[in-house]
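Below are the chains, spelled out letter by letter.
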2 protein chains.
Amino acid sequence: MNIVLLSGGSGKRLWPLSNDIRSKQFIKIFKKPGPENEYESMVQRVYRQIKQIDADAMVTIATSKTQVSAIHNQLGENVGISVEPCRRDTFPAIALATAYLHDVQGVSEEETVVVCPVDPYVDDAYFDALKKLGEQAEKGEANLVLMGVEPTYPSEKYGYIVPVSKEPTSMVETFKEKPDMETAKTYIAQGALWNGGVFAYRLKYVLQRAHELIDFTDYHDLYAKYDTLKKISFDYAVVEKEPKIQVQRFAGEWKDLGTWNTLTEAMEEETIGEAILNNNCENVHVVNELDVPILCMGLKDVVVSASPEGILVSDKEQSSYIKPFVDKLDGQIMFAEKSWGSYRVLDIEDDSITVKVTLNPGHKMNYHSHERRDEIWNVISGEGVVIIDGVQRAVKAGDVVTMKAGCKHTIIATTEIKVIEVQIGKEISVHDKQKYELAI
Amino acid sequence: MNIVLLSGGSGKRLWPLSNDIRSKQFIKIFKKPGPENEYESMVQRVYRQIKQIDADAMVTIATSKTQVSAIHNQLGENVGISVEPCRRDTFPAIALATAYLHDVQGVSEEETVVVCPVDPYVDDAYFDALKKLGEQAEKGEANLVLMGVEPTYPSEKYGYIVPVSKEPTSMVETFKEKPDMETAKTYIAQGALWNGGVFAYRLKYVLQRAHELIDFTDYHDLYAKYDTLKKISFDYAVVEKEPKIQVQRFAGEWKDLGTWNTLTEAMEEETIGEAILNNNCENVHVVNELDVPILCMGLKDVVVSASPEGILVSDKEQSSYIKPFVDKLDGQIMFAEKSWGSYRVLDIEDDSITVKVTLNPGHKMNYHSHERRDEIWNVISGEGVVIIDGVQRAVKAGDVVTMKAGCKHTIIATTEIKVIEVQIGKEISVHDKQKYELAI
């Protein structure tokens, strides 16, 4: 089975846990199965679930450059990634991922591909349904086979699929845009299903559509001209023009965890992280990524979330409306997961920033320099090697490395290594960074 | 006028802004008069108000050792402090402060002393009332003159004073313990007044009582044997046994800001620090000492407070009951104001702690060493002089000083100087500190 997971853009609706560089799918908020008290993200959960159902499934994540580090950090190095050089909506993204499967991974034109979003909260039945979706597409009765989710309420958030019959597999009669609640009720009465953006096709079908709409030779050519492509959705470019579409009904658990309100419904416990709720709290959830406790007293229907980026305290209902407020916050990114580890800003002063950098064993930073700031590394744990203007030196906890502006530097982690990096200079900026090839 | 301000113990009721070493009276939460957006603490507010009414007033703060640094930090070096070597309740504390006025400050036995708590929220009329209280005590018609606050509601939190008449100044008929609400109503109907713990006396009166109850020669002797004294309240030791007591009525603003609920009533603005409230918030107050924003959505009757110690989100009514929950938190002290400046813990790892230290110009740390940890100073702003094992060296932003365990060290601020201090070692503890005399 070839699965393409669409990993969407920055998610401000789950601020302060998501931000410009950490999308909601990377927040570790779901309890992992097993005795340890460990948590996994949406991406990790869905990837684990796929691999449990089908260990040989080829999973490709279609995403933007900004997420590549986080994906490798959370899923390891072996996952396939189709990187969009820039955002061009779903049709170019799916065309690129399909070309990637064909030209890079060597998947044949006859094989089926199942595309689904990376962020629904689902159980194992969903993955069985994905498998059936692929098998149905393989039959070639239709060019596209969609998953239709049995509605549980007249939602205004989804498009609707109207099937010809109520059979488990049916031809699609028509599609409906996101309706208001009353219209949604009439759709449901007619047997319409939610369109969750899950569908299967034979590889050659989408490749052919792509060649019809875009002038390109192969994956590498498509990648190279990606920024010249028109923004267009897969629905608009393909689905609406295709007469031969089937839908398969799905009645299992399927939740879109796009807001704090829906996300907390999927939490197994009231609190994640250090938190105390008194007995007068009712329907309160706390997600705390800070090292200090949160004390909640006498709250009702409230979600509290704290991260190095900020603190949200919201009525659950109202939590759907945070985006415009978060858009106005343009603070420094305080925390990021990278392919090599993570960093966290500890302190910001006028002419200095203090950061904790954690490098995973065997990983290294880019070899780089800054024009406008000096840096000091205070190694607080672990062992590694630094390269300063070409000179190697082993370092361990307690060692200090000073780097003047202009000096080229990197650190390579032997074990996990943690460093307090003190940056000193006027107008410190993430853009003040020159990268170099490392000749080792 | 001699005023003794009683500055009480650790205030967990205003956690996370107050903690074991920062009492509520030191939280900067009141807007200063004037165009700048500056805040002052209860101590600063009351001290400023006294000095405005009477620039020559001799103010002595009776407090414990742990608060001396914070008082100097907030009020400067010139304020008189009567330091209790340990806590022994109000009678020994007032006796010690009275002996301090007599033996250290040279106040004559005939002069009057006005004692009041440091933390009520009052306006200028209160200080006029204090002055009248002192003038009345000077007349010698009674041995004690109490302030009786006109009740605004049948409070269960205060003791009541029953005056003989409803004249502005009256002899006291009797005192009543804190009543329940129904009893409070009957007291008020009888013309009883709140006992706010404010009173005046001629110095010799309390000195005489002290000599009757405690065997001591002078202030220094009393100070030396302070830890052997019995804990006893001023009310029990003096007030209840004294027949000649007068009360003066006071009808001005007088608020006891002991809980978040009452404190927020005295706040001039909804928010202090970085905070956003949407329009659906109602009766919400935010006090944010962190560098990141707090976003509140659709909350009602809630107080949110965040500091380096933790985050409180509480229904206002319920905020009176936080103490038992806060008592259970026994985290590291994350922030402190010292006479020389302040420190803030930025990061805690198993074998390292990172701290930002700010030294005020002209101030220095103790000359000290640690047995079980190395330290690294990263100077991030300002200029100063370090002394490392007796060797002086000038330092400025960008300089690094490394200190192995056992090495004696201090830093002296020329300008304000800020240092990122990285501590590395097993079992880092505040108790691992040896102090030395500095031979300069």
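Everything numeric in this text was worked out from a predicted model, so none of it was measured.

(A) Geometry of the overall build of chain A. Looking only at helices and strands, chain A features 10 helices and 30 strands. Radius of gyration (C-alpha) of chain A: 24 Å, near the 22 Å computed for a compact globule of 440 residues. Its C-alpha atoms give chain A principal-axis dimensions of roughly 70 × 60 × 40 Å. Here chain A, with 440 residues, has 56% of them falling under the buried criterion. Counting contacts in chain A only where the partners sit at least 6 residues apart, residues at least 24 apart contribute 65% of the total.

(B) Region of interest: the sheet that holds strand β24 (residues 374-381) of chain A. Residues and elements named next belong to chain A. Across the sheet, 6 strands lie side by side as β20-β21-β22-β29-β24-β27; this open sheet has antiparallel pairing. The strands lining the two open edges of the sheet, one partner per strand, are β20 (335-338) and β27 (400-403). Direction aside, neighbouring strands of the sheet carry axes that sit 20° apart on average. Taken together, the 7 bridges between β24 and strand β29 (residues 417-424) define a ladder with antiparallel strand orientation. Its bridge partner being in β29, Trp377 is matched across the sheet by Glu421.

(C) Examining the pattern of salt bridges more closely. Scanning the entire structure with this criterion turns up 44 salt bridges over all chains. Salt-bridge contacts for Lys12 of chain A lead to Asp327 of chain A; the nearest nitrogen and oxygen are separated by 3.3 Å. Note that Lys12 of chain A is positioned in the loop between β1 (2-6) and β2 (30-31) and Asp327 of chain A in helix α10 (residues 323-328), a separation of 315 residues in sequence. Residue Lys12 of chain A is classed as buried on the basis of its relative accessible area, which comes to 18%. On the basis of relative accessible area, Asp327 of chain A is assigned to the partly exposed category, the value being 36%. For Glu38 of chain B, the salt bridge is made with Lys32 of chain B, and the minimal N-O distance between the two is 3.3 Å. Taking the relative accessible area as the measure of exposure, Glu38 of chain B reaches 37% and is therefore partly exposed. With relative accessibility at 31%, the residue Lys32 of chain B sits in the partly exposed group. Through salt bridges with shared partners, one network takes in Asp347 and Glu349 of chain A together with Lys356 and Lys418 of chain B.

(D) Representation of the relation of the copies chain A and chain B. In screw terms, the move from chain A to chain B is a rotation of 180° and a rise of 0.0 Å along the axis, fitting with an RMSD of 0.1 Å. The relationship between the two copies is best expressed as a two-fold rotation axis. Residue Leu346 of chain A of chain A places its C-alpha closer to the rotation axis than any other residue of that unit, at 2.9 Å. Here 100% of the contact residues of chain A are again contact residues in chain B; the copies associate through an equivalent surface.

(E) How the structure looks around the interface of chain A and chain B. Listed as interface residues are 48 residues of chain A and, on the opposing side, 48 residues of chain B. Buried area between chain A and chain B, summed over both chains or domains, comes out near 4000 Å², and the portion from carbon and sulfur atoms is 68%. Contact with chain B buries surface across chain A, with Leu295, Met297 and Ile311 of chain A losing the most and accounting together for 17% of the total. At the surface where chain A touches chain B, the tally comes to 6 salt bridges. Ionic pairing is found between Asp347 of chain A and Lys356 of chain B, a salt bridge with its closest N-O pair at 2.8 Å. Run the count over chain A and chain B and you get 19 residue pairs in polar contact (both at pLDDT 80 or more). Of the residues forming the side of chain A that touches chain B, the biggest block, 6 residues, is contributed by strand β19 (residues 310-315) of chain A. Grouping the constituent residues of the side of chain A that touches chain B by class yields 31 nonpolar, 11 polar and 6 charged. When β19 of chain A meets strand β17 (residues 294-297) of chain B, the two strands line up parallel, connected through 4 bridges. Residue pairing across strands places Leu312 of chain A opposite Leu295 of chain B, the latter belonging to β17 of chain B.

(F) Fine view of the confidence of the model for chain A. Residue and element names in this part refer to chain A. Scored by pLDDT, chain A has a mean of 92; 99% of the residues are at 70 or more. Taken element by element, chain A is modelled with least confidence in β20, mean pLDDT 82, and with most confidence in β29, mean pLDDT 98. Across the assembled chains, the prediction reports ipTM 0.82 with pTM 0.82.

(G) Inspection of the environment of Ser18 of chain B at higher detail. All names here are of chain B. Considering the arrangement of structural elements, one finds Ser18 in the loop between β1 (2-6) and β2 (30-31). Residues Ser18 and Leu146, 128 residues apart in the sequence, show an inter-C-alpha distance of 30 Å. At 3.4 Å, the side chain of Ser18 and the backbone nitrogen of Trp15 are in polar contact.

(H) Seen up close, the side chain of Gln74 of chain B. Mapping Gln74 of chain B onto the fold places it in helix α2 (residues 68-75). Apart from the residues within four sequence positions on either side, Gln74 of chain B is in contact with Gln25, Phe26, Lys28, Ser41, Val43, Gln44 and Glu337 of chain B.

(I) Fine view of the sheet that holds strand β18 (residues 300-307) of chain B. Pairing is mixed across the open sheet formed by 6 strands, whose spatial order is β15(A)-β17(A)-β19(B)-β18(B)-β16(B)-β14(B). In the strand order of this sheet, the two ends are held by β15 (275-277) of chain A together with β14 (271-272) of chain B, each with one partner. Bridge count for β14 of chain B against strand β16 (residues 282-288) of chain B is 2 bridges, and the pairing is parallel. Paired with Thr271 of chain B across the two strands is Val286 of chain B, which belongs to β16 of chain B.

(J) Summary view of helix α1 (residues 42-53) of chain A. Here α1 of chain A spans 17 Å end to end across 12 residues, near enough to the 16 Å set by a 1.5 Å rise per residue. Looking at α1 of chain A, one finds that the buried residues are Met42, Val43, Gln44, Arg45, Val46, Tyr47, Gln49 and Ile50 of chain A.

(K) Local environment of the environment of Val172 of chain A. All names here are of chain A. Of note, Val172 is situated in strand β10 (residues 169-176). Each C-alpha atom of the pair Val172 and Pro243 lies 8.5 Å from the other, and the pair is 71 residues apart in sequence. Beyond its immediate stretch of four places on either side in the chain, Val172 contacts Ile161, Val162, Pro163, Val164, Ile245, Gln246 and Val247.

(L) Summary view of the pairing of strand β12 (residues 245-250) of chain A. Residue and element names in this part refer to chain A. Burial analysis of β12 places 5 of its 6 residues in the buried class, the great majority of the element. Strand direction decides the pairing type here: strand β8 (residues 144-149) and β12, joined by 6 bridges, are parallel. Its bridge partner being in β12, Leu144 is matched across the sheet by Ile245. Taken together, the 3 bridges between β10 and β12 define a ladder with antiparallel strand orientation. Residue pairing in the sheet places Ser170 in a bridge with Val247 of β12.

(M) Representation of the packing of aromatic side chains. All names here are of chain A. Evaluated as defined, the whole model comprises 28 aromatic pairs over all chains. Seen from their ring centres, Tyr126 and Phe127 are 5.1 Å apart, and the 90° between their planes marks the pair as edge-to-face. A single burial state applies to Tyr126 and to Phe127, both of which are buried. Sitting over the ring of Phe30, Arg45 keeps its end group 5.9 Å from the ring centre.

(N) Looking closely at the packing of helix α3 (residues 90-103) of chain A against helix α6 (residues 203-213) of chain A. Residue and element names in this part refer to chain A. Between α3 and α6, the least distance of the axes is 9 Å, while the angle of their chain directions is 125°. Compared by their axis directions, α3 and α6 come out oblique. Crossing angle aside, the handedness with which α3 passes α6 is left-handed. On α6, the residues that touch Phe91, Ile94, Ala95, Thr98, Ala99, Leu101 and His102 of α3 are Leu203, Val206, Leu207, Arg209, Ala210 and Leu213. Broken down by class, the residue content of the contact of α3 with α6 amounts to 10 nonpolar, 2 polar and 1 charged.

Parameters at a glance
Residues numbered from 1 in each chain as written. Chains lettered and ligands numbered in written order. Predicted model: local features only at pLDDT ≥ 70, side-chain atom pairs only at ≥ 80, totals over all residues. Heavy atoms only, no water. Helix = DSSP H or I, 4+ residues; strand = E, 2+ residues; numbered from the N terminus. Rg over C-alpha atoms; globule rule 2.2 N^0.38 Å. Buried < 20%, exposed > 50% of the residue type's maximum accessible area, 1.4 Å probe, protein only. Contact = heavy atoms within 4.5 Å. Pairing = 2+ DSSP bridges. Axes fitted to C-alpha atoms, helices over the stretch in contact; angles between N-to-C directions. Salt bridge = Lys/Arg side-chain N within 4 Å of Asp/Glu carboxyl O. Least-squares fit on C-alpha atoms with pLDDT ≥ 70 in both. Buried area = accessible area lost by both parts, 1.4 Å probe. Polar contact = N/O pair within 3.5 Å; in protein donor to acceptor, adjacent residues only side chain to side chain. Nonpolar A, V, L, I, M, F, W, Y, C, P; charged D, E, K, R; others polar. pLDDT = per-residue confidence, 0-100. Expected span 1.5 Å × (residues − 1). Phe/Tyr/Trp six-rings, centres within 6.5 Å; stacked < 30°, edge-to-face > 60°. Lys NZ or Arg CZ within 6 Å of the ring centre and 35° of its normal. Parallel < 35°, antiparallel > 145°, perpendicular 65-115°, else oblique. Left-handed = near helix turned anticlockwise from the far one by under 90°.

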